[in-house]
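So the chains spell out like this:
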Amino acid sequence: LFCADVPLPDAAGIWPDGTILPRRWLAIALRHFARAREGTRLIYGRHFARGSAGVVLNRKPNGRRIALSAELGGVGFTLASKLIDGTYPDYTRVIPSAPMLHAASLPRAGLIRAIRALSPFSERRTVRAISLLFEPGALTCSLASPDSSKAIFHLACAHDAPPGFAIGYNGRYLLDLCEVLKGEEVAFGLTDAGSPTTITDPADTAFQAVLSPRRV
């Protein structure tokens, strides 16, 4: 689970909870509108009168459509789409509510380097479950392959987990998570080897993630 709070200082109206955006629409918007220098305008289910600035989305006041507008190279573009019918699952139920028992601070660049170094030992171009073993002042990342070989990567780590505490994760998911963070450190909230881990970015407090462990 990835979630982030994005400030919208110029927003007006109400954005209903559970809105589901089409992934294809979002991918196109991120690819093309990232070049917008003067900001973008996001409109949800709103009708504009003829002659007014904006885009006619739906004549119904609660129309379930969305549009993103911006100027790209001096030309105005609008990408509109119908929203997906249904209600988005309550993701807050996935976030652990009980306090984590252990905390760990890992160097983001080092963790990314470790996962990439272990990746060649995986099968079918997918990263298998990577084991993290916490020792005093250090972390050992390892990956075992079916042919009985084992790859190991060591890096410094500040944590309060008991010596020998080990947990495994899907390496692909862990790598994707680390690559979207901004800060130099990754903060892990740990309970035990079978419970979800909370992951935060000290440099971006609006971001949080939950990663379920895997058996290794």
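What counts, and at which threshold
- Residues numbered from 1 in each chain as written.
- Predicted model: local features only at pLDDT ≥ 70, side-chain atom pairs only at ≥ 80, totals over all residues.
- Heavy atoms only, no water.
- Helix = DSSP H or I, 4+ residues; strand = E, 2+ residues; numbered from the N terminus.
- Buried < 20%, exposed > 50% of the residue type's maximum accessible area, 1.4 Å probe, protein only.
- Contact = heavy atoms within 4.5 Å.
- Areas by Shrake-Rupley, 256 points an atom, 1.4 Å probe, with all protein chains shown as cover.
- Pairing = 2+ DSSP bridges.
- Axes fitted to C-alpha atoms, helices over the stretch in contact; angles between N-to-C directions.
- Parallel < 35°, antiparallel > 145°, perpendicular 65-115°, else oblique.
- Left-handed = near helix turned anticlockwise from the far one by under 90°.
- Nonpolar A, V, L, I, M, F, W, Y, C, P; charged D, E, K, R; others polar.
- Core = buried A, V, L, I, M, F, W, Y, C linked by side-chain atoms within 4.5 Å.
- Phe/Tyr/Trp six-rings, centres within 6.5 Å; stacked < 30°, edge-to-face > 60°.

**What about the overall build of the protein chain?**
- Along the backbone of the protein chain there are three helices and 13 strands.
- Looking at the protein chain residue by residue over its 216 residues, the buried ones come to 37%.
- Within the protein chain, contacts between residues separated by at least 24 positions form 59% of all contacts whose residues are at least 6 apart in sequence.
- Of the roughly 13700 Å² of accessible surface on the protein chain, 54% is carried by carbon and sulfur atoms.

**Quick word on the sheet that holds strand S8 (residues 150-156)**
- Read across the open sheet, the four strands follow the order S8-S7-S6-S10; overall the sheet is antiparallel. Each edge of the open sheet carries a strand with a single partner, namely S8 and strand S10 (165-170). Neighbour to neighbour, the strand axes of the sheet diverge by 25 degrees on average, direction disregarded.
- Of the strand pairs in this sheet, strand S6 (residues 129-135) and strand S7 (residues 138-144) are connected by five bridges, and their pairing is antiparallel. Residue pairing for S7: Phe134 is matched across the bridge by Leu139.
- Along the sheet face, helix H2 (residues 108-118) touches S6, S7 and S8 and points at about 170 degrees away from the line of S8.
- The sheet strands contacting helix H3 (residues 171-180) are S6 and S10, and the helix crosses S10 at an angle near 85 degrees.

**Regarding the packing of H2 against H3**
- Packing of H2 against H3 leaves a shortest axis separation of 10 Å and a crossing angle of 150 degrees. Classified by the angle between their axes, H2 and H3 sit roughly antiparallel to one another. Handedness of the crossing formed by H2 with H3: left-handed. Mapping the contact onto sequence places Arg108, Leu111, Ile112, Ile115 and Arg116 in H2 and Gly171, Leu174, Leu175, Cys178 and Glu179 in H3.
- Grouping the amino acids of the contact of H2 with H3 by side-chain chemistry returns six nonpolar, one polar and three charged.

**Considering the nonpolar core**
- Among the nonpolar cores identified, the biggest contains 32 residues, and Leu132, Phe134, Cys141 and Phe188 are the most heavily contacted of them.
- Per element, the largest residue contribution to this core is five residues, and it comes from H2.
- In this structure Phe188 touches His102, Ala103, Ala104, Leu106, Leu111, Leu132, Tyr169, Leu174, Thr197, Thr198 and Ile199, once residues within four positions along its chain are discounted.
- Counting residues in hydrophobic clusters, the runner-up holds 11 residues, among them Ala29, Ala36, Leu68 and Leu83.

**Some remarks on the sheet that holds strand S4 (residues 75-82)**
- Overall, antiparallel pairing links the three strands, which are arranged S2-S3-S4 in an open sheet. The open sheet terminates on both sides in strands that have one partner only, identified here as strand S2 (41-44) and S4. The sheet shows a mean angle of 15 degrees between the axes of neighbouring strands, direction not considered.
- Examined bridge by bridge, S2 and strand S3 (residues 65-72) share four bridges and lie antiparallel to one another. Opposite Tyr44, over in S3, you have Ile66 as the bridge partner.
- Most of the contacts of helix H1 (residues 23-33) go to S3, to which it runs at about 15 degrees, and overall it touches S2, S3 and S4.

**Focus on the environment of Ser119**
- Tracing the backbone through its elements, the reader meets Ser119 in the loop between H2 and S6.
- When the C-alpha positions of Ser119 and Ile130 are compared, they lie 9.3 Å apart, and in sequence the two are 11 residues distant.

**What about the packing of aromatic side chains?**
- Summed over the entire model, instances satisfying the criterion amount to three aromatic pairs.
- Both rings, one in Phe2 and one in Phe207, keep their centres 6.2 Å apart while their planes meet at 55 degrees; by these two values the pair is tilted. Remark: Phe207 occurs in strand S13 (residues 204-211) and Phe2 occurs in strand S1 (residues 2-4); sequence separation between them is 205 residues.

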